[in-house]
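Overview (structure and organization)
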Amino acid sequence: MSTPGFDVRRVRADFPILHQEVRGRPLVYLDSAATGQKPQAVIDALTRFYTHDNANVHRGVHILSERATQAYEDARESVRRFINARDAKEIVFMRGTTEAINLVASTYGRKHVGPGDEVLISAMEHHSNIVPWQMVCDAVGAKLRVIPVDDRGELRMDAVDALLTERTRILAVTHVSNALGTVNPVRELVRRAHAKNIPVLLDGAQAVTHLPVDVQDLGCDFYAFSGHKLFGPTGIGVLYGRLDVLEAMPPYQGGGDMILSVTMEKTVYNRVPHRFEAGTPDMAGAVGLAAAIHYLESVGMAAIAAHDQALLTYATQALSAVPGLSLVGTASEKTGVLSFTLADVHPHDVGTILDREGVCIRTGHHCAQPLMKRFGVAATARASLAFYNTPEDVDALVRGLHKVREVFQ
Ligand code: 7TS
């Protein structure tokens, strides 16, 4: 297995955490959908920021504050370029995908969703793209409606048009499913929603790590993702919002930095994006995220996507040959997520035995309980791939699964 223009061994050399033994075995990390590992460039950027530039942003007249502000705003520009947003003002730094979706639900949602209205999501959403909308709907007396998923884990596109009604105030759907790996036809969903003047939020948490993303090409109104999954630091994430949409939105949290002026009678809110960034932001996180983005750009997202697809094909074949293994999620378009059950072995037992072999996977409901219910399982075992994974990692997983079978025979 080789991908032209991509050298996985060179990539792996950039990730110090991967080069260790755990439980007496070489570490095999197959849990990147939960969080990505960090290249040395990100670790160095954080150290450099705290060693040389740390100060609060947008405040001080002094040199350190100037440098920190510059680094923070440069990071915004790096994100803009990475997802091809038109304007850096469209990039709001958040804590992660969860906070980004909550922001949209509690500002845009509270403003536009009223009694009897509808919010449309899908059956494969992460809880963070379900619960915030449920909270809005409960508060105003609106209805949450759901695009169903078929047996392969693809959205039932034939059901979409009837679910986009004159009461639908927003469509919020994941670009890539964390539990199935399905890549949804989001451009087509945006097209159909926009034809009825319905705005669209895309949850990009699992997409930006695998695919080149161009928000102008997708045409979405909002796009959310987390830095820590994108091989950057924890505590930082991004909400992209189309400028005209963001500008018409009320603020989220109140506090420092989000104001132009305050009197006891009245506050004038700051311009976008600062209006949505109350308080001291995660400056170091933004700098680290920018370093992750620069690193990914140097490797090339197209090469990363090609490696991901080749490894997914290899892993799908290898896992399908394990007796008793059943893949959950077999969509025609997928990224490197392999959710499965193994005969009647509980997924937690699968995960525990794999862990003894040095293989890290995730087990459970993957914060997608309605989706698990749809597939009639309480939990699955999930191996998730990143661009630093190799066919040898997949082989180690398969060897581990044979161990599981021996134990439970
Ligand atoms: N949306 C999707 C599609 C996700 O996969 C996740 C996290 C989130 C939203 C929330 O992101 P956060 O960074 O705000 O927590 N998914 C997972 C996962 O699959 N395993 O652990 C976390």
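Above this note sits the structure.
Residues numbered from 1 in each chain as written. Predicted model: local features only at pLDDT ≥ 70, side-chain atom pairs only at ≥ 80, totals over all residues. Heavy atoms only, no water.

A few points about the sheet that holds strand 14 (residues 337-342)
The strand order 13-14-17-16 describes an open sheet built from four strands, whose pairing is antiparallel. Edge positions in the open sheet fall to strand 13 (325-328) and strand 16 (362-364), since each of these has one partner strand only. Here the average twist between neighbouring strands, direction ignored, is 30 degrees. Of the pairings in the sheet, the one linking strand 14 to strand 17 (residues 380-384) comprises four bridges and is antiparallel in character. Among the inter-strand pairings, Ser-339 is bridged to a residue of strand 17, identified as Arg-382. Relative to strand 16, helix 12 (residues 347-356) is tilted by about 160 degrees, and along the sheet it contacts strand 14, strand 16 and strand 17. The sheet strands contacting helix 14 (residues 391-408) are strand 13, strand 14 and strand 17, and the helix crosses strand 14 at an angle near 15 degrees. (Pairing = 2+ DSSP bridges. Helix = DSSP H or I, 4+ residues; strand = E, 2+ residues; numbered from the N terminus. Axes fitted to C-alpha atoms, helices over the stretch in contact; angles between N-to-C directions. Contact = heavy atoms within 4.5 Å.)

What to know about the sheet that holds strand 10 (residues 237-241)
Taking strand neighbours across the sheet as the criterion, the seven strands line up as 4-10-9-8-7-5-6 in an open arrangement whose pairing is mixed. Two strands bound the open sheet, and with one partner strand each, they are strand 4 (91-94) and strand 6 (143-147). Adjacent strand axes in the sheet meet at a mean angle of 20 degrees, parallel and antiparallel pairs treated alike. Its contacts with the sheet place helix 4 (residues 97-112) against strand 4, strand 7 (168-174), strand 8 (200-203), strand 9 (222-226) and strand 10, and it is angled at close to 155 degrees to strand 9.

Examining the packing of aromatic side chains
Per the counting criterion, the structure on display carries eleven aromatic pairs. Between the aromatic rings of Tyr-72 and Phe-93, the centroid separation amounts to 5.1 Å while the plane-to-plane angle is 45 degrees, which identifies the pairing as tilted. With Tyr-72 in helix 3 (residues 63-82) and Phe-93 in strand 4, this residue pair connects regions lying 21 residues apart in the sequence. In this structure Tyr-72 comes out as buried when scored by relative accessible area, which is 0%. Taken together, the ring pairs in this structure connect Phe-15, Phe-231, Tyr-295, Phe-387 and Tyr-388 into an aromatic cluster. (Phe/Tyr/Trp six-rings, centres within 6.5 Å; stacked < 30°, edge-to-face > 60°. Buried < 20%, exposed > 50% of the residue type's maximum accessible area, 1.4 Å probe, protein only.)

Let's talk about the pairing of strand 7
The two faces of a sheet get side chains in turn, since along a regular strand they alternate between them. The buried fraction of strand 7 is high, at six of seven residues. In this sheet, strand 8 lies alongside strand 7 in parallel orientation, the contact comprising four bridges. Following the sheet pairing, Val-173 is matched in strand 8 by Leu-202. Since strand 7 and strand 8 lie parallel, the crossover through helix 7 (residues 186-194) that links them has a hand, and here it is right-handed. (Right-handed = clockwise from strand over helix to strand, strands pointing away.)

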